[in-house]
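# Chains, contacts and geometry: an overview
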Amino acid sequence: MEMLHHILFGFQVAMTPANLLYCFFGVLLGTLIGVLPGLGPVATISILMPITLSISPVSAIIMLSGIYYGAQYGGSTTSILINVPGEATSVVTCIDGYKMALQGRAGPALGISAIGSFIGGMVSLLGVMLLAAPLANFALRFGPPEYFSLIFLSLTIVSGLGTGSTLKALLMAGLGMLTGAIGMDMSTGIPRFTFGIRTLYDGVGLVPAIMGLFGIGEILTNIEEKLELDIFKTKIKRILPSREDWVRSRGPIGRGTLIGFFLGVIPGGGALISTFASYAVEKKISRHPEQFGQGAIEGVAGPETANNAGAQSSFIPMLALGIPPNVVLAVLISALIIHGIQPGPLLLAKHPDLFWGVITSMFVGNAMLLILNLPLVGLWVQLLRVPYTYLFPAILLFCLVGVYSITNNYVEILLMVFFGVVGYLMRKFDFEPAPFVMGLVLSSMMENAFRQSLTLSEGSMTIFFTRPISALLMAVGLGVLVCYVVLGVRKRERGAG
Amino acid sequence: MGSRDRISAIVLLTLSVMVCIGALGYGLGTFSTPGTGFFPFLLGILIGFLSILMLAHAKRGEEVKESAKSPWPGIEGRKKVLAIVAALGGYGFLLEKLGYSLTTFLLFVLLLKGIQPQKWYLAMGVALLASLGSYALFQVGLQVELPRGFLGM
Amino acid sequence: MGKRMICVLLVCSLGPLALNLERSFAQEAYPTKPITMLVPFPPGGLSDTTARSYAGAVQKITGQPLVVVNKPGAGGTIAVDALQAAKPDGYTLLESSASTLAHGMFTQGVSWGPKDFTVILGHSLYNFAFVVRADAPWKNFDEWVQYVRQNPPFKYGCYGNLVTMHIVMEWIGKRLGLKLVPVHFKGDAEGTQNVLGGHIMGHCYAGGQDALIKAGKMKTLIQVTGEPCDADPKSVAKLKEVLPDAPVDIIALPRGIFGPKGMPETLQAKVADVFRKATVENPEFIRTHQLMKMEVKYFGPKDLETAIQKAHSGFGELIKSLGLERK
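Residues numbered from 1 in each chain as written. Chains lettered and ligands numbered in written order. Predicted model: local features only at pLDDT ≥ 70, side-chain atom pairs only at ≥ 80, totals over all residues.

## A word on the overall build of chain A
Within chain A, the regular secondary structure consists of 21 helices and two strands. Relative to a compact globule of 497 residues, whose C-alpha radius of gyration would be 23 Å, chain A shows 22 Å and is just as compact. Viewed in the frame of its principal axes, chain A has a C-alpha envelope of about 70 × 60 × 50 Å. For chain A, the residues scored as buried account for 65% of the 497 residues in total. (Helix = DSSP H or I, 4+ residues; strand = E, 2+ residues; numbered from the N terminus. Rg over C-alpha atoms; globule rule 2.2 N^0.38 Å. Buried ≥ 20, exposed ≤ 12 C-beta atoms within 10 Å, placed from the backbone.)

## A look at the overall build of chain C
Scanning chain C from N- to C-terminus turns up 13 helices and twelve strands. In terms of overall dimensions, chain C has a C-alpha envelope of 100 × 40 × 30 Å along the principal axes. Burial analysis of chain C (327 residues in total) assigns 51% to the buried set. Taking all contacts inside chain C whose residues are at least 6 apart in sequence as the whole, residues at least 24 apart take part in 77%. (Contact = placed C-beta atoms within 7 Å.)

## Points about the confidence of the model for chain C
Residue and element names in this part refer to chain C. With 90% of its residues at a pLDDT of 70 or more, chain C shows a mean pLDDT of 84. When pLDDT is averaged over each element of chain C, strand β11 (residues 255–260) comes out on top at 93 and helix α1 (residues 2–28) at the bottom at 51. Contacts from residues 15–27, a stretch scored under 50 in pLDDT, to residues over four places away or in other chains number one contact. For this predicted complex, the interface confidence score (ipTM) comes to 0.84, while the overall pTM stands at 0.82. (pLDDT = per-residue confidence, 0-100.)

## Quick word on the domain arrangement of chain C
Size of an interface, as often reported, equals the accessible area lost when the parts are brought together. Residues and elements named next belong to chain C. Once the domains are mapped, chain C shows domain 1 (32–125 + 253–322) and domain 2 (129–249). Centre-to-centre, using C-alpha coordinates, domain 1 lies 26 Å away from domain 2. Facing 13 residues of domain 1, the contacting portion of domain 2 comprises 16 residues. Every element with two or more residues in the side of domain 1 that touches domain 2 is listed here: α4 (98–107) and α13 (301–322). Sorting elements by how many residues they give to the side of domain 1 that touches domain 2 places α13 first, with five residues. Here the residues of the side of domain 1 that touches domain 2 are counted per class, giving seven nonpolar, three polar and three charged. (Domains from an automatic or database assignment. Nonpolar A, V, L, I, M, F, W, Y, C, P; charged D, E, K, R; others polar.)

## Description of the pairing of β11 of chain C
All names here are of chain C. Across the six residues of β11, six count as buried, placing the element largely inside the fold. In terms of strand pairing, strand β3 (residues 92–97) meets β11 through four bridges, oriented antiparallel. If you follow L94 over to β11, its bridge partner there is F258. As defined by bridge partners, strand β4 (residues 117–124) adjoins β11 across six bridges and the pair is classed as antiparallel. By the bridge assignment, T118 is partnered in β11 with G259. (Pairing = 2+ DSSP bridges.)

## Considerations on the confidence of the model for chain A
Per-chain confidence: chain A averages 82 in pLDDT, with 92% of residues scoring 70 or above. Ranking the helices and strands of chain A by mean pLDDT puts helix α12 (residues 298–313) of chain A first, with 91, and helix α3 (residues 41–52) of chain A last, with 73.

## Here we look at the interface of chain A and chain B
Taken together, the contact pairs 46 residues of chain A with 48 residues of chain B. Sorting the residues of the side of chain A that touches chain B by element identifies α8 (166–180), α17 (388–407), α18 (410–428) and α19 (433–456) of chain A as the ones contributing at least two each. Element by element, the count of residues in the side of chain A that touches chain B is highest for α17 of chain A, at ten residues.

## Observations concerning the nonpolar core
Proteins that are soluble and globular tend to have nonpolar side chains buried together. Counting 293 residues, the largest nonpolar core has I61, I151, L332, A335, C399, I413 and V437 of chain A as its most contacted members. For L332 of chain A, the contacting residues outside a window of four places in its chain are I45, I61, L64 and S65 of chain A. (Core = buried A, V, L, I, M, F, W, Y, C linked by C-beta atoms within 7 Å.)

## Some words on helix α12 (residues 283–291) of chain C
Residue and element names in this part refer to chain C. For α12, the set of buried residues is F285, T288, H289 and L291. Buried residues of α12 fall within an arc of 155° about the axis and therefore sit on the same side. Downstream of α12 by a residue or two, K293 has a phi angle that is positive, lying close to 60°. (Arc of directions from axis to C-beta.)

## Description of the packing of helix α2 (residues 46–62) of chain C against helix α11 (residues 265–278) of chain C
All names here are of chain C. Orientation of α2 relative to α11, taken along the N-to-C sense of each, is 125°, at an axis distance of 8 Å. Classified by the interaxial angle, the pair formed by α2 and α11 is oblique. In the packing of α2 onto α11, the handedness of the crossing is right-handed. Contacts between α2 and α11 involve Y54, A57, V58, I61 and T62 from the former and V274, K277 and A278 from the latter. Residue composition of the contact of α2 with α11, grouped by class: six nonpolar, one polar and one charged. (Axes fitted to C-alpha atoms, helices over the stretch in contact; angles between N-to-C directions. Parallel < 35°, antiparallel > 145°, perpendicular 65-115°, else oblique. Left-handed = near helix turned anticlockwise from the far one by under 90°.)

## Notes on the packing of α8 of chain A against α19 of chain A
Residues and elements named next belong to chain A. The contact between α8 and α19 brings their axes to 6 Å, and the two run at 40°. As judged from the angle between their axes, α8 and α19 are oblique. As for the relative orientation of α8 and α19, their crossing is right-handed in sense. In contact with A169, M172, A173, G174, L175, G176, M177, T179 and G180 of α8, α19 contributes P435, F436, V437, M438, G439, L440, S443 and S444.

## Focus on unusual backbone geometry
Following P152 of chain C, the chain continues to P153 of chain C via a peptide bond in cis, the omega torsion being -15°. As for its position among the elements, P153 of chain C is in the loop between α5 (141–150) and β6 (154–158). Of note in the backbone geometry, N83 of chain A takes a positive phi value of approximately 60° without being a glycine. With respect to the helices and strands, N83 of chain A occurs in the loop between α4 (57–82) and α5 (91–102). A positive phi angle, near 55°, is found at F193 of chain A, a position not held by glycine. As for its position among the elements, F193 of chain A is in the loop between β2 (191–192) and α9 (206–222). With 17 C-beta atoms packed within 10 Å, F193 of chain A lands in the partly exposed category.

As structure tokens, then:
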């Protein structure tokens, strides 16, 4: 009953005309930012921070949060339309989403994406309200060994991404992890594989890699053909998802919500891992797994739902404990501090209006996003009609500005071009870029978790198997690996025999 | 299929060997205190192992598909790809020297004339529109700090 | 012919005069265009929050915007590189801990040192402390020392390698004969998460531990600089009191604003004036830093310069004696 009281209180705060306006502005801006590759929510929130000083803290946070989860909606737009993921969490959407766009089904892809995100977000928020405290404690139980095992498990799943062979996917993941190892070693301070380039000291940036591999690689591959050949099927088949699309997406959306909600609470990689966990699960239980990678709508519905559900549940560690699970929320915490509010375990007690106001505003925000994005689908689809001759320079420009705006360092542009070439070659040699990106993102997390674990255990490897959560994750991961080997051997026997 | 896989397997194998050597140079440390080279070394081994597997697969594999259409572009395509790569690389180097507006303008002119040649006035027009329009959008609208070159823009 | 000659002569003689007027006007009026503030860490961090907390004030005071540009990486040295590439005209500045400048040569292996900067001012101090779980079995510093002596090694969290607190802990370990092993976390968030989750007993902080101490989840074991955030600050041991020979002055330096080498003195004074008003005399700045429990204190350019020099000369020896030099 008290919960109802809190919710009503929250709505009182969130539904004032001023806050509604701020919420709307935030999610609108977020969507735009998400659509523009590279220009991330981090930059926008930081830029807007001083402006927010003239409004109340609650209004400011409502608006800034709106930018964050609004960007998740927008990020999938570019993944589907031009194969450039707005964020790492949108990478998986590229795999089937872009293929759907090439088949003239960009509309349904975008539509299902928006609807799935909405449902995922709403249900996840309910979970946040009811389960914030126990979930926060659950998240805390993930120490270095648990992170290592979780990432290990995720990487075994990664080979389920895309159409290619498991072997090639694992190779790409390994290569990605190696690339992630470039940079200054955190424990010893020794620069690894940096070839003296200062910019690489902090490692290879995710944004140049993603935009290079996906965006530029794709463009390089496309311009080989004559550009009169419309890259995107002229006949845009339909704007809205068909009935069949709906039926096929129901399950993935439901499962994606759960996967995203629970994994999103884990700070650091949770939301990202949930996207490809969802993809892998859907591919595994699908009746037509061979369609995955060719434009299966489940491959869009599941991950998109998961990433938005995860975006909402990632507020839990921040609101309950003051621990930001990613860079964007770290900036949000900074904004809180500048407004004179101290984030931490006492936030709920000291500023209930902020806590409940923000949570209920997210309900409102998600609804606004759905209303905003669905009509926009038609608009985006029209964009694809622009002749590729003019479209591709525009895409290139967005990538260039996007990558430059992150660190104002032109070396990142060169890095992106390098990855563009790599992405081009990858496609030629029949490799998938998605596992590479996953490896890149997870590499340093895995290595740090590994070393931290070994320091904690004073050198003993058993730490990964003696702690319950870690042991469970390792067991599942090893099981998956065994399955691959067994299946692989069986296939070869069948082939030879 | 087969020969392409063979090439990539060999390339990756070579890479993994180089990585392992480099990693050894950084020091592997011990199990209780893994050194800087520990993780890269393991990764090198993993990649090496997988590429050997791939090589074995490729040798055994579908020689029949050799005759299938080569994925490599003809000379025209190759020129276009190189042109774009060069243009983008040039953009990176010149951006801070010439400033955003000018560099973007040049890029567009190059892309519109070089890849699928458009008429001069079209190319210049769109380039102008793109560079000034995007400047307005990013610098003014979104307050992104775009580099100003020696011309101050 | 004649008229033209006269024109040319006139222009040639007036030209330099005009230029001079231009220059002296420019010197009088600072700033006349936006100022770039380089920040060596990503958005959301302590340096970034600090810069943004005075950005608004700078605009109010000068009418020109302060643009915060994040250039993270390499322990804060990438931003320094950017600073050094800029003109010493007061329009590009750096918000940084003075330690980066004083110690960079030893901790990051860069070639520059304190002489390569213009010091504008220092505005605040970090709140360096080693903080442990509230339910930890040791009630104070001495009990902890005893515990560590009996149960080596002791694992503690730290937010980076060769950062101030890491060096402090190494020094304490050597001084008291304790075996302390650092577990390197990426920043405070990860450290806090692990302490709350019980995976590690304590973590080093530079500010920002206040919320957790107030919530009763953690307590300060030893305070290095600044005031403890605990409810009863007197009960917390201060490093300088417990171990008077602790080289705190060499290791822990204030945070401040810096410019590239070669800024003329008048310009330096003007810039210092603007930023003094925007920081130590600005209530918003003070409030933000109070929340982060970082003491706001003014350090004039000369004082800070001296402190940095002193720290620089002493640091090399210290690092060597602790065996932490970069190989």
